[in-house]
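An overview of the molecular structure
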Amino acid sequence: FMIIWGYIMQFGDDGLQERFMTVFPYFALSAFLLTGILSLANSFVRNRRDQKCTQLIRATCVEIKKRKSNVETMDHTGRHRGHLYCPVFTYFYDGQVYEGCHNTYTRGCNAVVGNTYDIYINPDKPKLFKEEGETVRIKGMELGVGIVFTFISILGYIVLICVG
(Lines give C-alpha, C1' and ligand atoms only; values in the text may rest on other atoms or scores of the structure.)
Protein backbone atom coordinates (compact mmCIF):
# COMPACT_ATOMS: atom_id res chain seq x y z
CA PHE A 1 0.00 0.00 0.00
CA MET A 2 2.82 2.39 0.84
CA ILE A 3 4.38 1.78 -2.59
CA ILE A 4 1.09 2.67 -4.30
CA TRP A 5 0.75 5.76 -2.09
CA GLY A 6 4.29 6.86 -2.93
CA TYR A 7 3.75 6.31 -6.65
CA ILE A 8 0.49 8.28 -6.67
CA MET A 9 2.01 11.15 -4.68
CA GLN A 10 5.08 11.27 -6.93
CA PHE A 11 3.64 10.66 -10.39
CA GLY A 12 -0.15 11.02 -10.12
CA ASP A 13 -2.04 14.02 -11.36
CA ASP A 14 -3.40 16.57 -8.90
CA GLY A 15 -6.96 15.20 -9.02
CA LEU A 16 -5.81 11.65 -8.24
CA GLN A 17 -3.60 12.91 -5.40
CA GLU A 18 -6.50 14.89 -3.94
CA ARG A 19 -8.88 11.91 -4.08
CA PHE A 20 -6.26 9.64 -2.56
CA MET A 21 -5.54 12.05 0.29
CA THR A 22 -9.29 12.23 0.99
CA VAL A 23 -9.56 8.43 1.29
CA PHE A 24 -6.21 7.70 2.97
CA PRO A 25 -7.14 8.77 6.54
CA TYR A 26 -10.22 6.53 6.48
CA PHE A 27 -8.17 3.62 5.16
CA ALA A 28 -5.46 4.08 7.80
CA LEU A 29 -8.01 4.39 10.62
CA SER A 30 -9.82 1.29 9.37
CA ALA A 31 -6.55 -0.64 9.46
CA PHE A 32 -5.98 0.56 13.05
CA LEU A 33 -9.53 -0.40 14.03
CA LEU A 34 -9.22 -3.86 12.47
CA THR A 35 -5.90 -4.44 14.25
CA GLY A 36 -7.43 -3.34 17.54
CA ILE A 37 -10.50 -5.52 17.17
CA LEU A 38 -8.43 -8.57 16.19
CA SER A 39 -6.11 -8.06 19.17
CA LEU A 40 -9.08 -7.77 21.53
CA ALA A 41 -10.73 -10.85 20.02
CA ASN A 42 -7.53 -12.88 20.29
CA SER A 43 -7.11 -11.83 23.91
CA PHE A 44 -10.66 -12.88 24.77
CA VAL A 45 -10.34 -16.22 22.92
CA ARG A 46 -7.06 -16.96 24.69
CA ASN A 47 -8.62 -16.03 28.04
CA ARG A 48 -11.58 -18.32 27.43
CA ARG A 49 -9.28 -21.18 26.47
CA ASP A 50 -7.11 -20.61 29.53
CA GLN A 51 -10.11 -20.60 31.88
CA LYS A 52 -10.71 -24.24 30.93
CA CYS A 53 -7.17 -25.17 32.00
CA THR A 54 -7.86 -26.07 35.63
CA GLN A 55 -5.91 -29.28 36.31
CA LEU A 56 -2.52 -28.62 37.91
CA ILE A 57 0.19 -30.90 36.49
CA ARG A 58 3.97 -31.12 36.89
CA ALA A 59 5.65 -30.87 33.48
CA THR A 60 9.26 -31.25 32.45
CA CYS A 61 10.86 -28.85 30.00
CA VAL A 62 12.39 -31.10 27.31
CA GLU A 63 13.39 -28.50 24.75
CA ILE A 64 13.49 -24.77 24.17
CA LYS A 65 12.67 -23.79 20.61
CA LYS A 66 14.61 -20.79 19.40
CA ARG A 67 14.16 -18.48 16.44
CA LYS A 68 15.63 -15.18 15.36
CA SER A 69 13.87 -11.96 16.22
CA ASN A 70 13.39 -9.16 13.71
CA VAL A 71 14.62 -6.70 16.33
CA GLU A 72 18.34 -6.10 16.41
CA THR A 73 19.91 -6.01 19.85
CA MET A 74 23.34 -5.10 21.14
CA ASP A 75 25.54 -7.21 23.38
CA HIS A 76 29.16 -7.17 24.50
CA THR A 77 30.34 -8.72 21.18
CA GLY A 78 28.64 -6.18 18.94
CA ARG A 79 25.44 -6.00 16.91
CA HIS A 80 23.46 -9.21 16.39
CA ARG A 81 19.88 -10.29 16.01
CA GLY A 82 18.12 -11.22 19.21
CA HIS A 83 16.33 -14.50 19.71
CA LEU A 84 12.86 -15.54 20.82
CA TYR A 85 12.20 -18.68 22.84
CA CYS A 86 9.36 -21.17 23.31
CA PRO A 87 9.67 -23.95 25.91
CA VAL A 88 8.44 -27.45 25.05
CA PHE A 89 6.96 -29.44 27.93
CA THR A 90 6.25 -33.11 28.43
CA TYR A 91 3.75 -34.26 31.04
CA PHE A 92 1.81 -37.31 32.13
CA TYR A 93 -1.98 -37.24 32.50
CA ASP A 94 -4.63 -39.94 32.63
CA GLY A 95 -2.24 -42.71 31.60
CA GLN A 96 -0.77 -40.88 28.62
CA VAL A 97 2.34 -38.81 27.98
CA TYR A 98 1.79 -35.46 26.25
CA GLU A 99 4.28 -33.07 24.75
CA GLY A 100 3.54 -29.56 23.62
CA CYS A 101 4.32 -25.89 23.44
CA HIS A 102 2.22 -22.80 22.77
CA ASN A 103 4.22 -21.70 19.74
CA THR A 104 4.20 -18.29 21.41
CA TYR A 105 7.77 -17.08 21.29
CA THR A 106 8.96 -14.52 23.85
CA ARG A 107 12.25 -12.76 24.53
CA GLY A 108 12.77 -14.04 28.01
CA CYS A 109 12.51 -17.71 28.76
CA ASN A 110 12.83 -18.74 32.40
CA ALA A 111 12.44 -22.44 31.67
CA VAL A 112 15.49 -24.68 31.83
CA VAL A 113 15.66 -27.99 29.98
CA GLY A 114 15.32 -30.82 32.50
CA ASN A 115 13.56 -28.77 35.19
CA THR A 116 9.94 -29.37 36.19
CA TYR A 117 7.27 -26.69 36.29
CA ASP A 118 3.63 -26.32 37.26
CA ILE A 119 1.28 -26.03 34.31
CA TYR A 120 -2.50 -26.14 34.08
CA ILE A 121 -4.12 -28.40 31.51
CA ASN A 122 -7.64 -28.66 30.18
CA PRO A 123 -8.90 -32.00 31.62
CA ASP A 124 -11.19 -32.46 28.60
CA LYS A 125 -8.43 -31.71 26.08
CA PRO A 126 -5.11 -32.51 27.80
CA LYS A 127 -3.04 -31.20 24.88
CA LEU A 128 -4.18 -27.68 25.78
CA PHE A 129 -2.29 -26.12 28.66
CA LYS A 130 -1.22 -22.81 30.12
CA GLU A 131 1.87 -21.83 32.01
CA GLU A 132 1.67 -19.86 35.23
CA GLY A 133 2.29 -16.13 34.63
CA GLU A 134 3.28 -16.36 30.97
CA THR A 135 -0.26 -16.14 29.63
CA VAL A 136 -1.09 -13.14 31.82
CA ARG A 137 1.78 -11.15 30.32
CA ILE A 138 0.87 -11.97 26.72
CA LYS A 139 -2.88 -11.48 27.22
CA GLY A 140 -2.18 -8.14 28.90
CA MET A 141 -0.07 -7.01 25.97
CA GLU A 142 -2.69 -8.10 23.42
CA LEU A 143 -5.45 -6.49 25.41
CA GLY A 144 -3.44 -3.25 25.72
CA VAL A 145 -2.67 -3.12 22.00
CA GLY A 146 -6.32 -3.81 21.20
CA ILE A 147 -7.59 -1.08 23.49
CA VAL A 148 -5.05 1.52 22.31
CA PHE A 149 -5.53 0.83 18.58
CA THR A 150 -9.33 0.76 18.89
CA PHE A 151 -9.36 3.99 20.93
CA ILE A 152 -7.02 5.80 18.52
CA SER A 153 -9.06 4.77 15.49
CA ILE A 154 -12.39 5.78 17.05
CA LEU A 155 -10.92 9.10 18.16
CA GLY A 156 -9.55 9.59 14.64
CA TYR A 157 -12.95 8.90 13.08
CA ILE A 158 -14.54 11.44 15.43
CA VAL A 159 -11.95 14.07 14.47
CA LEU A 160 -12.43 13.37 10.75
CA ILE A 161 -16.20 13.63 11.03
CA CYS A 162 -16.06 16.86 13.06
CA VAL A 163 -13.46 18.50 10.80
CA GLY A 164 -14.91 17.21 7.52
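These remarks concern the structure in this document. The written sequence of each chain sets the order in which its residues are numbered from 1. Predicted model: local features are reported for residues with pLDDT of at least 70 only, side-chain atom pairs are reported and counted for 80 or more only, and whole-chain, interface and lining totals are derived from all residues. Computation of side-chain values: all heavy atoms of the structure, hydrogens and water removed.

Quick look at the overall build of the chain
In DSSP terms, a helix is any run of H or I states spanning at least four residues, a strand is any run of E spanning at least two, and both are numbered starting from the N terminus. Scanning the chain for helices and strands turns up 3 helices and 5 strands. Secondary structure elements in the chain, listed N-terminal to C-terminal, are α-α-β-β-β-β-β-α. When the 164 residues of the chain are sorted by exposure, 29% land in the buried category. In what follows, residue pairs with any heavy atoms lying within 4.5 Å of each other are defined as contacts. Partitioning the intrachain contacts of the chain with sequence separation of at least 6 by distance along the chain shows that 64% fall at a separation of at least 24. Three labels apply to residues, based on accessible area from a 1.4 Å probe with only protein chains included: buried if under 20% of the type maximum, exposed if over 50%, partly exposed otherwise in between.

As for helix α2 (residues 14-51)
Working note: α-helix, 3.6 residues per turn, so residues spaced by three or four point in the same direction. Between its first and last C-alpha, α2 extends 56 Å over 38 residues, near the 56 Å set by a 1.5 Å rise per residue. Along α2, the sharpest change in direction is near 30 degrees and occurs at V23; proline P25 comes one to four residues later. Along α2, the residues that are buried comprise Q17, F20, L29, G36, S39, L40, S43, R46 and D50. Expected helix span is computed as 1.5 Å times (number of residues minus one). Fitting axes to the seven residues that end at a residue and to the seven that start at it, the angle between those axes gives the bend at that residue.

Some points on a nonpolar patch on the surface
Residues with no salt bridge and a relative accessible area higher than 30% make up the patches, which join like charges within 9 Å and nonpolar side chains (Val, Leu, Ile, Met, Phe, Trp, Tyr) within 5 Å. Note on areas: Shrake-Rupley with a 1.4 Å probe; residue coverage comes only from the protein chains shown. Note on definitions: salt bridges are taken to be side-chain nitrogens of Lys or Arg within 4 Å of carboxyl oxygens of Asp or Glu. Taken together, the side chains of F32, V148, F151, I152, L155, V159 and V163 define a hydrophobic patch exposed on the protein surface, amounting to about 650 Å² of accessible area. If one sorts the elements of the nonpolar patch by residue count, helix α3 (residues 134-163) sits on top with 6 residues. Within the secondary structure layout, I152 lies in helix α3.

With respect to the packing of aromatic side chains
Stacked, tilted and edge-to-face are the three classes applied to pairs of Phe, Tyr and Trp rings, where Trp contributes its six-membered ring and a pair requires centres within 6.5 Å; stacked means planes under 30 degrees apart, edge-to-face means over 60, and tilted covers the rest. Scanning the model with the defined rule gives 6 aromatic pairs in all. Ring plane angle 85 degrees and centroid distance 6.0 Å describe the contact between F89 and F129, whose orientation is recorded as edge-to-face. Here F129 lies in strand β5 (residues 125-131) and F89 lies in strand β2 (residues 78-93), a separation of 40 residues in the sequence. The class of F89 is buried, set by a relative accessible area of 2%. Following the ring pairs from residue to residue traces out a cluster consisting of F89, Y91, Y98, Y117 and F129. Lying over the aromatic face of Y120, K130 brings its terminal NZ or CZ to 5.7 Å of the ring centre. Note on criteria: charge over ring means Lys NZ or Arg CZ within 6 Å of the ring centre, with the direction from the centre no more than 35 degrees off the ring normal.

Some words on the environment of A31
Turning to its location among the elements, A31 is positioned in helix α2. The partly exposed category is assigned to A31, whose relative accessible area is 37%. For A31 and T150, which are 119 residues apart along the polypeptide, the C-alpha to C-alpha distance reads 9.9 Å.

Let's talk about the nonpolar core
In terms of nonpolar packing, the biggest core is built from 11 residues, these being I57, A59, C61, F89, Y91, Y93, Y98, A111, I119, I121 and F129. Ignoring anything within four residues of it in the chain, the contact list for F129 reads C53, F89, Y91, G100, C101, H102, I119, Y120 and I121. Definition of nonpolar core: a set of buried residues of the types Ala, Val, Leu, Ile, Met, Phe, Trp, Tyr and Cys, connected through side-chain atoms within 4.5 Å.

Digging into unusual backbone geometry
Generally, phi is negative for residues other than glycine and the peptide bonds are trans, each holding for most cases. You will see that D94, though not glycine, has its phi angle at about 50 degrees, which is positive. Mapped onto the elements, D94 comes out in the loop between β2 and β3 (96-100).

Things to note about the pattern of salt bridges
With the rule as written, the count across this model stands at 1 salt bridge. Salt-bridge contacts for D118 lead to R58; the nearest nitrogen and oxygen are separated by 2.8 Å. Of this pair, D118 sits in strand β4 (residues 116-122) while R58 sits in strand β1 (residues 55-75), placing them 60 residues apart in sequence.

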